[in-house]
Amino acid sequence: MLKINHFTENFILILVITSMFFPTLPIGVDLRFDDIMALLLIPILILVKPNFKINRIVISYFYILVIVCISTLYGYFFLDVPKSFRDLNEFVRILKPFLIIIAVSYCDTNQLSKKLHFLFRYGALLIIFLGFLEYFNLLGIRKIMSIIYTGHRFEDLGRTRTILTVGDPNIAAAFVLFFITYILQSMFLTKNKVRNSLILLFLLVVLLMTSSRTLLIVFAIILFASLAYHFKRNKFFSIIIFSLSFFVLILLINQFQYLTIGFSTFSEGTNTSMLQRYKQWYEAFELFLKSPFIGWGPAKEIHSTIVDNEHLFLLRRYGVIGYLAVINLLFGYVWVVFRKRAKIKNMDIFHKRIALSSFFVCILIFILMMTNNFFSGYQLMPLYIIMITIVENKLKTT
């Protein structure tokens, strides 16, 4: 067997960086660099000295994989779904987080949590830099990023919505919120309050640049939840952060017309993007009713991959059984945090930041799934899986 010195931790760090900052490979197949890296984990884990433990996340995800296989085969044999290589590619994508979960079990959680802190600290600065560069189109970067990350999808829009490195403004907003949530916890748990406050406010501006109405509301919810949790020990600073965030929003929100017009048309019931979503939701629900328990499988040859509601999307693909399996994986962590809250309070600073950030991110995930994808989106899922696996593995050893 091969013994390695923090190789797996470094490999996982690079994998999550590529999942968040690298585009889809331009080879005519929907394949990402991090997909290839995840598959490389298979021979690596075979060569590494065994240290694998069964836990809640492993069991939950294995159950999901079984349901995906059953749903896919059921669709092929009983619902006349055409067989497709794209469905196989979908299974490889879904397999990726499972391999990551296993790989994290081989890691030193102390080392990996420090490497994630490095990612959040410097990744936040990169997001701010790219966000301002793209929004103000400095050096013509907007067209370049559009070509690389969207295939020209947002290049010719009259309005300006920042897409960052994820190719969609709504997912970009979720991307920014991941970092905002971590910076918030760092701000309250460490002495670097001034630096983290500045980073937070600049990230908030980038969030406004995405013009995502839903995620702006989620920001407010996460901010209030974080302030409520930390208020007892940080009363004065909590008031300062709330005041600064409120001031930035009031000062700048009118500069982003897509946001203000969107809120106005939504309240009037004339928002075209929501009307289109209602139609997609209805179609997905109709298909779900035809196979409610086990779904259709990916069925990419006959079904749209765009539903703009992952709750309905998962119900259509994998039925009630598969949907509940995914919900158990993503939000079972909330129950773990409540049961082990005393242990979390006594964690070291690196693990505690990850534990609290993951907990508040659950709010983001649930609401994001109402209008977009998270589990099926692939770019943010690896980071969340790594975070909750680190925490749950740490809790089992303390």
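Above this text is the structure in question.
Described below are features of the structure shown in this document. Given the structure is predicted, the values throughout are model-derived calculations rather than measurements.

### Here's the deal with the overall build of the protein chain
In step 1: Across its full length, the protein chain holds 16 helices and zero strands.
In step 2: In terms of principal-axis extent, the alpha carbons of the protein chain reach across some 60 × 55 × 40 Å.
In step 3: Across the protein chain, every contact between residues at least 6 apart in sequence was considered, and the portion connecting residues at least 24 apart equals 76%.
In step 4: Looking at the protein chain as shown, the accessible area adds up to about 18000 Å², and 68% of this sits on carbon and sulfur atoms.
In step 5: Side-chain charges in the protein chain split into 39 positive and 20 negative, and the spacing between the mean points of these groups amounts to 14 Å.

### Regarding the pattern of salt bridges
Pairing between side chains becomes possible if they bear opposite charge and their charged atoms approach one another.
In step 1: Enumeration over the complete set of coordinates arrives at eight salt bridges.
In step 2: Of the charged contacts in the structure, one is a salt bridge between Asp34 and Arg32, with a shortest N-O distance of 3.0 Å. Like Arg32, Asp34 is buried.
In step 3: Here Arg93 and Asp35 are joined by a salt bridge, their closest N and O atoms 2.5 Å apart. You can see Arg93 sitting in helix 4 (residues 85-105) and its partner Asp35 sitting in helix 2 (residues 33-47), a full 58 residues away along the chain.

### Concerning unusual backbone geometry
Residues apart from glycine generally show negative phi values, whereas peptide bonds are mostly found in trans.
In step 1: With phi around 55°, Ser211 is a residue other than glycine that occupies positive phi space.
In step 2: Of note, the phi angle at Ala299 is positive, near 45°, even though the residue is not glycine.
In step 3: With respect to the helices, strands and loops of the structure, Ala299 is situated in the loop between helix 12 (272-290) and helix 13 (310-339).

### Topic: helix 9 (residues 213-230)
In step 1: Relative to the 26 Å expected for 18 residues at 1.5 Å per residue, helix 9 spans 26 Å between its end C-alpha atoms, a close match to the ideal helical length.
In step 2: Where helix 9 is concerned, the buried positions are Arg213, Leu215, Leu216, Val218, Phe219, Ile222, Leu223, Ser226, Leu227 and His230.
In step 3: One side-chain oxygen at the N-terminal end of helix 9 lies 3.4 Å from the backbone nitrogen of Leu215; it belongs to Ser212.

### Some points on a nonpolar patch on the surface
In step 1: Side chains of Leu73, Tyr74, Phe77 and Phe78 sit close together on the surface and give an oily, nonpolar patch of about 450 Å² of accessible area.
In step 2: Looking at the secondary structure, you find Leu73 in helix 3 (residues 56-78).
In step 3: According to the relative accessible area criterion, Leu73 is partly exposed, its value standing at 45%.

### Digging into the packing of aromatic side chains
In step 1: Applying the stated criterion to the full structure yields 26 aromatic pairs.
In step 2: Note on Phe285 and Phe288: the rings are 5.8 Å apart at their centroids and 40° apart in plane angle, and the pair reads as tilted. Residue Phe285 and its partner Phe288 are located together in helix 12, separated by three residues, close to a single helical turn.
In step 3: For Phe288, a relative accessible area of 10% corresponds to the buried category.
In step 4: Among the aromatic residues, those joined into a ring-pair cluster are Phe21, Phe120, Phe175, Phe179 and Tyr182.
In step 5: A cation sits over an aromatic face here: Lys193 above Phe237, 5.0 Å from the ring centre.

### Points about the environment of His117
In step 1: Structurally, the position occupied by His117 is in helix 5 (residues 109-135).
In step 2: Relative accessible area serves as the criterion here: at 17%, His117 is assigned to the buried category.
In step 3: Spatially, the C-alpha atom of His117 lies 31 Å from that of Pro26, the residues being 91 residues apart in sequence.
In step 4: Ignoring any residue separated from it by four or fewer positions in sequence, one finds His117 in contact with Tyr182, Phe350 and Arg353.

### What about the side chain of Ser60?
In step 1: Within the secondary structure, Ser60 sits in helix 3.
In step 2: Among the polar contacts made by the side chain of Ser60, one reaches the main-chain carbonyl oxygen of Arg56 at a distance of 2.8 Å.
In step 3: Here Asn328 takes part through its side chain, which lies 3.1 Å from a polar atom of the side chain of Ser60.
In step 4: Apart from the residues lying within four places of it in its own chain, the contact partners of Ser60 are Asn328 and Leu329.

### Remarks on the packing of helix 5 against helix 6 (residues 141-150)
In step 1: Interhelical geometry of helix 5 versus helix 6 gives an angle of 110° and a closest axis separation of 7 Å. The pairing of helix 5 with helix 6 is recorded here as roughly perpendicular in orientation. Contact residues: Leu133, Glu134 and Tyr135 in helix 5; Ile141, Arg142 and Met145 in helix 6.
In step 2: Of the residues belonging to the contact of helix 5 with helix 6, the class tally is four nonpolar, no polar and two charged.

### Comments concerning a positive patch on the surface
In step 1: Together, Lys232, Arg233, Lys235, Arg341 and Lys345 give the surface a local cluster of positive charge.
In step 2: Residue placement: Arg233 occurs in the loop between helix 9 and helix 10 (235-252).

### Here we look at the packing of helix 1 (residues 7-21) against helix 5
In step 1: Packing of helix 1 against helix 5 leaves a shortest axis separation of 10 Å and a crossing angle of 25°. It follows from the interaxial angle that helix 1 and helix 5 lie roughly parallel. Crossing of helix 1 over helix 5 shows right-handed handedness. Across from Glu9, Asn10, Ile12, Leu13, Val16, Ile17, Met20 and Phe21 in helix 1, the residues of helix 5 making contact are Gln111, Leu112, Lys115, Leu119, Gly123, Leu126 and Ile127.
In step 2: The residue inventory of the contact of helix 1 with helix 5, partitioned by class, reads 10 nonpolar, three polar and two charged.

### Description of helix 13
In step 1: Its 30 residues place the ends of helix 13 only 28 Å apart at the C-alpha level, less than the 44 Å of an ideal helix rising 1.5 Å per residue.
In step 2: At Tyr318, helix 13 shows its largest kink, close to 120°.
In step 3: Burial within helix 13 is extensive, with 22 of its 30 residues counted as buried.
In step 4: Put simply, Asn309 is the residue that caps the front of helix 13, since its side-chain oxygen is 3.0 Å from the backbone nitrogen of His311.

Calculation rules
Throughout this description, residue numbers start from 1 for each chain and increase along the sequence as written. With pLDDT at 70 or above as the cut-off, local features in this predicted model cover only qualifying residues; side-chain atom pairs require 80 or more to be listed or tallied, and sums for whole chains, interfaces and linings still use all residues. As a rule here, side-chain values come from all non-hydrogen atoms in the structure, and water together with hydrogens is ignored. Per the convention used, a helix needs a DSSP run of H or I reaching at least four residues, while a strand needs a run of E reaching at least two, with both numbered from the N terminus. In this description, contact between two residues means that some pair of their heavy atoms is separated by no more than 4.5 Å. Computed by Shrake-Rupley with a 1.4 Å probe, the accessible areas treat only the displayed protein chains as cover when residues are assessed. Charged residues are defined narrowly, with Lys and Arg counted positive, Asp and Glu counted negative, and His plus the chain ends left uncounted. All charge positions are set by atom: Lys at NZ, Arg at CZ, Asp at CG, Glu at CD. By salt bridge we mean one thing: a side-chain nitrogen of Lys or Arg within 4 Å of a carboxyl oxygen of Asp or Glu. A 1.4 Å probe rolled over the protein chains alone gives each residue an accessible area, and that area as a share of the maximum for its type sets the label: buried under 20%, exposed over 50%, partly exposed in between. Expected span, for any helix, means 1.5 Å times one less than how many residues it has. Side-chain atoms alone can form a polar contact between residues adjacent in sequence; in general such a contact is a pair of N or O atoms within 3.5 Å, and within protein one must be able to donate a hydrogen while the other accepts it. Think of a patch as exposed residues, more than 30% relative accessible area, with no salt bridge, where like charges cluster within 9 Å and nonpolar side chains (Val, Leu, Ile, Met, Phe, Trp, Tyr) cluster within 5 Å. Paired rings are identified among Phe, Tyr and Trp, the last through its six-membered ring, by centres lying within 6.5 Å, and are further divided according to the angle between planes into stacked (under 30 degrees), edge-to-face (over 60) and tilted (the rest). Two conditions define a charge located above a ring, namely a distance within 6 Å from the ring centre to NZ of Lys or CZ of Arg, and an angle within 35 degrees of the ring normal. For helices, the fitted axis covers only the stretch in contact; all axes are lines through C-alpha atoms, and the angles between them, taken along N-to-C directions, range from 0 to 180 degrees. An angle counts as roughly parallel when it lies under 35 degrees, as roughly antiparallel when it exceeds 145, as roughly perpendicular when it falls between 65 and 115, and as oblique in every other case. Residues are grouped as follows: nonpolar covers Ala, Val, Leu, Ile, Met, Phe, Trp, Tyr, Cys and Pro; charged covers Asp, Glu, Lys and Arg; every other residue, Gly included, is treated as polar. The sense of a crossing depends on the near helix, which, turned anticlockwise from the far helix by less than a right angle, makes the crossing left-handed and, turned clockwise, makes it right-handed. Each residue is assigned a bend, namely the angle between axes fitted to the seven residues that terminate at it and the seven residues that start at it.

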